[in-house]
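Structure at a glance
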Amino acid sequence: MFIKEFINAITAPYFLITAAGILLFVSLKYPGKFYTNRSALIVFSGMFLFLGLSVIDPNFRKIVTKPDNVPIVGMLFLIPFFTWFALREAVRNDQRTAEGKPLIEQEETADKVLTWPDLVYTELICMVVLTVILIGWSMTLEAPLEEPANPSASPNPSKAPWYFLGLQEMLVYFDPWLAGVVFPGLIIVGLMAIPYIDTNPKGNGYFTLKERKWEISTFLFGFLILWILLVILGTFLRGPNWNFFGPYEFWDIHKLEALVNVNLSEYIWVKALGMGLPKNPLIREFFGFVAVLTYLLAMPPLLARTLLKRFYNTLGPVRFHLMTFLLLAMMALPIKMVLRWLFNLKYIIGIPEYFFNI
Amino acid sequence: MANFSDRLKETFKNLSPAKVGEWIQESQIYRSIFRIGVPDSDRKRMLVMLGSVFLHLHPVKVRKSGIRMRYTWCMGGITFFLFLVLTFTGLLLMFYYRPTLEYAYVDIRDLREQVPLGIMREIHRWGAHAMVIAVWLHMYRVFMTGSYKPPREFNWNVGVILLVLTLLLSFTGYLLPWDQLAIWAITVGSNMARATPFAGHEGPGAALLKLGDIPLVSNSSDARFALLGGRFVGEGALLRFYVLHCVGLPLVAGFLMAIHFWRIRRDGGISGPL
Ligand code: HEM
Ligand code: HEM
């Protein structure tokens, strides 16, 4: 009982996301300690144990065995597994480089083998195994079919398809025009820009961490924390009214969350200056505009002179500004999250008259 | 007569699987299909790769490091295979499925209730989920091995578009069963389009676009309307999603995959350390 409540408490979004972020960066700082066979054994047996014991709980069982959620349970194992695998290879390669030995991949690059049979047979086996898995899966788990569509009875919670739940989770922190349109667009643009921003010639065609620490850390933060983790959070831990529910908690439609979120304008005009909100929205949101414009326009030159100076020098102005813009856009999400968790901040700029809320 | 039965006996005595195999391989039909025959020598193994439409996707020889599962995780290939499986099962589903409000749900229900051992729908649905996960993992691998670096920048970009197409395929397919799960998932998803800056009627800036007093962007002329072919997820949306799902998007995706695979070869095969 106590353990269940403890787990319910530590899976709360603010804790889960912060802890996962810290864990990621610490593990990248000391990869040799984290990405070893032993740690994998511990983590994965822990995960299996957790899952095995937890399915006894009816609330937990209900949510993980929902047909559409089963693949996501699989993903819960696959993504950490491949993260561990890629970084273990990277650690090994970095060790080899340090010792002056050739990379794991290098031992075999000079070798050319015949595609038939070496590759074709592997592919054949792969396809057969996959077919067997798919058929087995399909025979044991029936595809869901609920009541016929009824436009007047919206279920609670109404969830988007699972791979978009990261975006739906973003709606907690941002309005739809950002979470549903601008950010997804920037994710696509950002992904496409990667090869043109990253001019580091090293680490092309082999696993490494040391030679690309910055790129890999940034990508892993975006992919693992801001995408995969949010998908998992949105799938398993968000219930009616998009409220948070721990994994063993009953999805109670009447659960109330106190909504006391406050806009930046109120914080400044009402609480700090004691003046009351001005009528004109532009004056009212003056401080918000200053904050956002500073973030987007003043930060890049500042970063170019300080923290990211070395990138400014190697990338040149165009690449650098593209990179910082994308980076700042990405970091807007965790920043807004932290502001929400700490200060219940609702909008930095809030002009609902024009649907312009940030 | 005796002569004939003797001959028959003798023929059967000589009939071993190896002999039959040989006979088949020497037949004109077999030789017209498989020009090279069984690839039992290196020369034939190379010719086989060149002579087949399917196998010529691959080069004749590959770097040993590139075919390692530990390197590619097989994820690109798995994604492609799942796409083929989805095309095949999707085609079968199309025989039974009619994309109208009247029939869509009933057809799917009949598929589940009337077809003994029918698992096409299951394979299609689970395969679709698996494909999304496989694309993510494939992108993850390509990033972690730095394989987007020159000369493969362009192929990474083709990949990003393929990723978007995969998500769109899955999104459009999700509506087709026309149950509560389907329409509400699509409603939630497409509600976002309503907030598109300037182009959605609840997006920032849309209120600025008007002719005199008439707003240009309203709930029946905005981005969401264009997506759904209506003001809500209804008949128009079902047809649109069906056509996109079964014809439009698979064609585009297939086309881009051809480019993707071609470029892998042109860019020097699977990446590896120099
Ligand atoms: C040429 C290729 C394809 C064709 C002809 C096709 C056809 C169909 C048809 C007729 C349906 C409705 C039947 C049903 O809902 O059970 C369907 C559903 C669906 N399709 Fe496809 N499809 C194709 C490819 C794909 C791909 C590549 C994906 C995903 C990446 C996908 C994802 C889905 C999903 C998620 C459903 C809903 C499944 C369900 O609830 O049963 N399809 N497809
Ligand atoms: C429908 C989706 C896709 C299919 C069917 C596909 C298929 C493949 C296949 C079969 C390979 C051969 C190597 C391997 O298996 O890893 C490959 C390589 C590659 N893919 Fe994809 N891919 C898809 C999506 C993507 C995405 C989303 C990206 C990146 C954002 C991407 C970028 C690349 C790159 C850069 C290579 C070359 C890798 C190298 O040389 O090591 N692809 N793709």
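Here is a short report on the structure shown in this document. (Residues numbered from 1 in each chain as written. Chains lettered and ligands numbered in written order. Predicted model: local features only at pLDDT ≥ 70, side-chain atom pairs only at ≥ 80, totals over all residues. Heavy atoms only, no water.)

**Some remarks on the overall build of chain B**
When you go through chain B residue by residue, the secondary structure sums to 12 helices and 3 strands. Its C-alpha atoms give chain B a radius of gyration of 27 Å, clearly above 19 Å, the size a compact globule of 274 residues would have. Once the C-alpha set of chain B is aligned to its principal axes, its extents read approximately 100 × 60 × 30 Å. Within chain B, residue pairs in contact and separated by at least 24 positions form 61% of the contacts whose partners lie at least 6 positions apart. Of the roughly 14,500 Å² that chain B leaves accessible, carbon and sulfur atoms contribute 66%. Computing the positive centroid from 30 side-chain charges and the negative centroid from 18, chain B places the two 11 Å apart. (Helix = DSSP H or I, 4+ residues; strand = E, 2+ residues; numbered from the N terminus. Rg over C-alpha atoms; globule rule 2.2 N^0.38 Å. Contact = heavy atoms within 4.5 Å. Areas by Shrake-Rupley, 256 points an atom, 1.4 Å probe, with all protein chains shown as cover. Lys, Arg positive; Asp, Glu negative; His and termini not counted. Charge placed at Lys NZ, Arg CZ, Asp CG, Glu CD.)

**Here we look at the coordination of the iron atom of ligand 2**
Residue and element names in this part refer to chain B. Protein coordination at the iron atom of ligand 2 comes from His138 (NE2) and His260 (NE2), with a distance range of 2.0 to 2.1 Å. Coordination geometry of the iron atom of ligand 2: the 6 donor atoms subtend angles of 87 to 179° at the metal centre, consistent with an arrangement described as octahedral. Note that histidine 138 is positioned in helix H8 (residues 120-144) and histidine 260 in helix H12 (residues 235-266), a separation of 122 residues in sequence. (Donors = N, O, S within 2.8 Å, 3.2 Å for Na, K, Ca; no water. Tetrahedral: all angles 85-135°; square planar, octahedral: opposite > 155°, others 65-115°.)

**Details of the interface of chain A and chain B**
Quite often, the size of an interface is put as the accessible area lost when its parts meet. Of the residues lining the interface, 93 residues belong to chain A; the matching set on chain B comes to 90 residues. In this assembly, chain A packs against chain B so that about 8,600 Å² is buried in total across both faces, 73% of it on carbon and sulfur atoms. Run the count over chain A and chain B and you get 5 salt bridges. Here A:Glu142 ties to B:Arg112 by a salt bridge, and the two come within 3.8 Å at their closest N and O atoms. (Buried area = accessible area lost by both parts, 1.4 Å probe. Salt bridge = Lys/Arg side-chain N within 4 Å of Asp/Glu carboxyl O.)

**Points about the site of ligand 2**
All names here are of chain B. Taken together, 25 residues sit near ligand 2, with His138, Arg141, Gly159, His260 and Ser271 positioned nearest. Here glycine 76 contributes a backbone N or O atom positioned 3.3 Å from an oxygen atom of ligand 2. Measuring from an oxygen atom of ligand 2, one finds a side-chain N or O atom of serine 147 at 3.2 Å. Along the lines of polarity and charge, the residues of the shell around ligand 2 split into 12 nonpolar, 11 polar and 2 charged. (Near = heavy atom within 4 Å. Polar contact = N/O pair within 3.5 Å; in protein donor to acceptor, adjacent residues only side chain to side chain. Nonpolar A, V, L, I, M, F, W, Y, C, P; charged D, E, K, R; others polar.)

**Looking at the coordination of the iron atom of ligand 1**
Residue and element names in this part refer to chain B. Note on the iron atom of ligand 1: its protein donors are His124 (NE2) and His245 (NE2). The metal-donor distances range over 1.9 to 2.0 Å. One way to put it: the 6 donor atoms around the iron atom of ligand 1 meet at angles of 85 to 178°, and that makes the site octahedral. Of the two residues, histidine 124 is situated in helix H8 and histidine 245 in helix H12; the sequence distance between them amounts to 121 residues. Exposure remark for histidine 124: the relative accessible area of 17% places this residue in the buried category. According to the relative accessible area criterion, histidine 245 is buried, its value standing at 13%. (Buried < 20%, exposed > 50% of the residue type's maximum accessible area, 1.4 Å probe, protein only.)

**Brief notes about the packing of helix H6 (residues 70-98) of chain A against helix H11 (residues 213-236) of chain A**
All names here are of chain A. At a closest axis distance of 11 Å, the pairing of H6 and H11 adopts a crossing angle of 160°. When the axis of H6 is compared with that of H11, the two are roughly antiparallel. Between H6 and H11 lies a crossing of left-handed hand. Taken together, the residues of H11 that come into contact with H6 (itself represented by Ile72, Val73, Met75, Leu76, Ile79, Thr83 and Leu87) are Leu220, Phe223, Leu224, Ile228, Val231, Ile232, Thr235 and Phe236. Here the residues of the contact of H6 with H11 are counted per class, giving 13 nonpolar, 2 polar and no charged. (Axes fitted to C-alpha atoms, helices over the stretch in contact; angles between N-to-C directions. Parallel < 35°, antiparallel > 145°, perpendicular 65-115°, else oblique. Left-handed = near helix turned anticlockwise from the far one by under 90°.)

**A few points about the nonpolar core**
If you look at the biggest cluster of nonpolar residues, it comprises 154 residues, and the most contacted ones within it are A:Met75, A:Trp162, A:Leu220 and B:Trp136. A domain-level breakdown of this core finds at least three residues from each of domain 1 (2-105 + 113-141 + 158-242) and domain 2 (264-357) of chain A. In this structure, A:Trp162 is in contact with A:Ile72, A:Met75, A:Val231, B:His129, B:Val132, B:Ile133 and B:Trp136, ignoring residues within four places of it in sequence. A:Leu114, A:Trp116, B:Val48 and B:Val60 belong to the second-largest nonpolar core, a separate cluster that totals 7 residues. (Core = buried A, V, L, I, M, F, W, Y, C linked by side-chain atoms within 4.5 Å. Domains from an automatic or database assignment.)

**A few points about the site of ligand 1**
All names here are of chain B. By nearness alone, 22 residues border ligand 1, and Arg121, His124, Arg125, Pro177 and His245 come closest of all. Separating an oxygen atom of ligand 1 from a side-chain N or O atom of arginine 121 is a distance of 2.6 Å. Between a nitrogen atom of ligand 1 and a side-chain N or O atom of histidine 245, the distance comes to 2.7 Å. Taken together, the elements giving at least two residues each to the shell around ligand 1 come down to helix H6 (75-96), H8, helix H9 (153-175) and H12. Here the element with the most residues in the shell around ligand 1 is H6; it accounts for 7 residues.

Limitation: the analysis is restricted to geometry and does not speak to function.
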